[in-house]
Amino acid sequence: MKKDFLSLLDLQSEELDELFRLADTLKADATRRPFAGQSVAMIFQKPSLRTRVSFEVGISQLGGNPIFLSQEGVGIGVREKAGDMAELLSRMTAMIVARLFDHALLMELAHRATVPVVNALTDLSHPCQILADAYTMRQHGKWKPGAKVVFVGDGNNVVHSWLELAMLYPLHFVLAAPIGYEPNKEIFRQAVAKGVSTVEIIVDPTTAVKHADVIYTDVWTSMGQEAESEKRRKDFAGYQVNAELLAKAKPDCVVMHCLPAHRGEEITNEVIEGPQSIVFDEAENRLHVQKAVMVRLLESMKAD
Ligand code: CP
Ligand code: NVA
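Being a predicted model, the structure only gives us computed values, none of them experimental. The residue numbering used here restarts from 1 in each chain and proceeds along that chain's sequence as written. The lettering of chains begins at A and the numbering of ligands begins at 1, in the order of writing. Totals for whole chains, interfaces and linings use every residue, but because this is a predicted model, local features are given only for residues with pLDDT of at least 70 and side-chain atom pairs only at 80 or more, for both listing and counting. Water and hydrogen atoms were dropped before computing side-chain values, which therefore reflect all heavy atoms in the structure.

Caption draft 1: Representation of the site of ligand 2. If even one non-hydrogen atom of a residue comes within 4 Å of a molecule or strand, that residue is called near it. Near ligand 2, the surroundings consist of Leu121, Asn156, Asn157, Asp218, Ser222, Met223 and Leu259. Counting of polar contacts relies on pairs of N or O atoms within 3.5 Å, with two restrictions inside protein: one atom must be capable of donating a hydrogen and the other of accepting it, and residues adjacent in sequence are counted only when both atoms are side-chain atoms. One of the side-chain nitrogen or oxygen atoms of Ser222 is found 2.7 Å away from a nitrogen atom of ligand 2. Protein contacts shield 95% of the accessible area of ligand 2, which totals 270 Å² for the unbound molecule. Three residue categories are used. Nonpolar comprises Ala, Val, Leu, Ile, Met, Phe, Trp, Tyr, Cys and Pro, charged comprises Asp, Glu, Lys and Arg, and polar comprises the others, including Gly. In terms of residue class, the shell around ligand 2 is made up of 3 nonpolar, 3 polar and 1 charged. Accessible areas in this description were obtained via Shrake-Rupley with a 1.4 Å probe; residue shielding takes into account the shown protein chains only.

Caption draft 2: Region of interest: the pattern of salt bridges. Only one rule defines a salt bridge in this text: a Lys or Arg side-chain nitrogen within 4 Å of an Asp or Glu carboxyl oxygen. All chains considered together, the criterion is met by 18 salt bridges. The partner of Asp4 in a salt bridge is Lys2, with the nearest N and O atoms 2.9 Å apart. A salt bridge links Glu273 to Arg263; its shortest N-O distance comes to 2.4 Å. In this pair, Glu273 is assigned in the loop between helix H12 (269–272) and helix H13 (279–302) and Arg263 in the loop between strand E9 (254–257) and H12, connecting sequence segments 10 residues apart. Whether a residue is buried, partly exposed or exposed follows from its accessible area with a 1.4 Å probe, protein chains only, as a fraction of its type maximum: under 20%, in between, or over 50%, in that order. The class for Glu273 is exposed, based on a relative accessible area of 58%. The structure contains a network of salt bridges with shared partners spanning Asp84, Glu87, Arg91 and Arg112. Only runs of H or I of at least four residues qualify as helices and only runs of E of at least two qualify as strands under DSSP, and these elements are numbered from the N terminus.

Caption draft 3: Quick peek at helix H1 (residues 13–28). Expected helix span is taken as 1.5 Å per residue step, with the number of steps being one fewer than the number of residues. The end-to-end C-alpha distance of H1 is 24 Å, a good match for the 22 Å that 16 residues give at a rise of 1.5 Å each. For H1, the set of buried residues is Leu16, Leu19, Phe20, Leu22, Ala23 and Leu26. Seen from one end, H1 has its buried residues packed into an arc of 165°, which puts them on one side. When the buried face of H1 is taken as reference, the exposed residues oriented beyond 90 degrees from it are Glu14 and Ala28. Note on contacts: a residue pair qualifies if any of its non-hydrogen atoms lie within 4.5 Å across the two residues. Contacts made by the buried residues of H1 are with helix H6 (127–139), helix H7 (157–165) and H13. Within this analysis, the arc is defined by the directions that extend from the helix axis to the C-beta atoms.

Caption draft 4: Spotlight on the sheet that holds strand E3 (residues 95–99). Paired strands, in this sense, are two strands between which DSSP finds at least two bridges. Strand order across the open sheet formed by 4 strands is E2-E1-E3-E4, with parallel pairing between neighbours. Only two strands of the sheet have a single neighbouring strand rather than two, namely strand E2 (65–70) and strand E4 (117–119). On average, each strand axis in the sheet is tilted by 20° relative to the strand beside it, whichever way the strands run. The pairing of E3 with E4 spans 3 bridges and is classified as parallel. Along E4, the bridge assignment pairs Val97 with Val118. Each axis is a line fitted through C-alpha atoms, and for a helix only the stretch in contact is used; angles between axes span 0 to 180 degrees, taken between their N-to-C directions.

Caption draft 5: Highlighting the pairing of strand E8 (residues 214–217). Here E8 shows two buried faces, one formed by Val214 and Tyr216 and the other by Ile215 and Thr217. Pairing of strand E5 (residues 147–152) with E8, which is carried by 4 bridges, proceeds in the parallel orientation. Residue pairing across strands places Val152 opposite Thr217, the latter belonging to E8. Relative to E9, E8 runs parallel, the two being bridged by 4 bridges. Residue pairing in the sheet places Tyr216 in a bridge with Met256 of E9.

Caption draft 6: Layout of the sheet that holds E9. Read from one edge of the open sheet, 5 strands run E7-E6-E5-E8-E9, paired in parallel fashion. If you trace the sheet from one side to the other, it starts and ends with strand E7 (198–202) and E9, each paired once. Direction aside, neighbouring strands of the sheet carry axes that sit 20° apart on average. Examined bridge by bridge, strand E6 (residues 171–176) and E7 share 5 bridges and lie parallel to one another. From the neighbouring strand, Leu175 faces E7, where its bridge partner is Ile201. Contacting E8 and E9, H13 runs over the sheet at an angle of about 50° to E9.

Here you go:
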């Protein structure tokens, strides 16, 4: 059976450390070419800088040929059914990386594909991002059982992946969000039920960030929600990660953001450029961690 990476729950707890060690190896030695002679299809329905560049560079560094397929170009689900695309791409490429709106479309791709499928973000989750974030915490000495990660903002796709990470590794994960912006109930329920981590939702950001090891934020309006941006700007007004909020956390607390940032909204210039910010390490680590994921998925095909 081919393996996919659709969610962090496709990983076992013990695989996290193995992937991090593989990412260390690939970061130190860029001479491995396991994808030589093979192509990887990248279907992107939404805009992207980091994800697109880190996958294209990563695939090239691993000896492969990335093929970028925009929504305009291939019209997934419009010009052609996702399943039919998956069938075709499985005959010509070694892997499919997809950034889509609807998670169900990703599942449809994965169901029909006979090559691994990687979630490069959907409206439901962003596992590549959070895996790279965990690796970045490790790089900065924050990857410790019980580490307190406080996400200040919307209970969105990025939060869902944090909740999934919290099912694999013991964290104290807190979402500070206004009422009405809670994450998917089922994912939250599962994270609580799993009992691996302490997970909670707190309305007041000042209370939430007390003793935080990591403060994390993301845009208030995700891709596809642009029509709500005015309302969201008002609803999230008290949820800016600024110097005052950061001062309430542990003195050595680090600040993370998946980027792109809307400076002056969810985060201030001062904080994102300040000494506690590790946002560009996070962005760089997308490359190293995704290379590790792709190498593992390719190996799983050979092991069949
Ligand atoms: N963090 C992230 O996924 O960035 P892009 O949307 O630019 O790919
Ligand atoms: N929550 C954001 C993440 C972007 C990387 C979005 O989906 O637009």
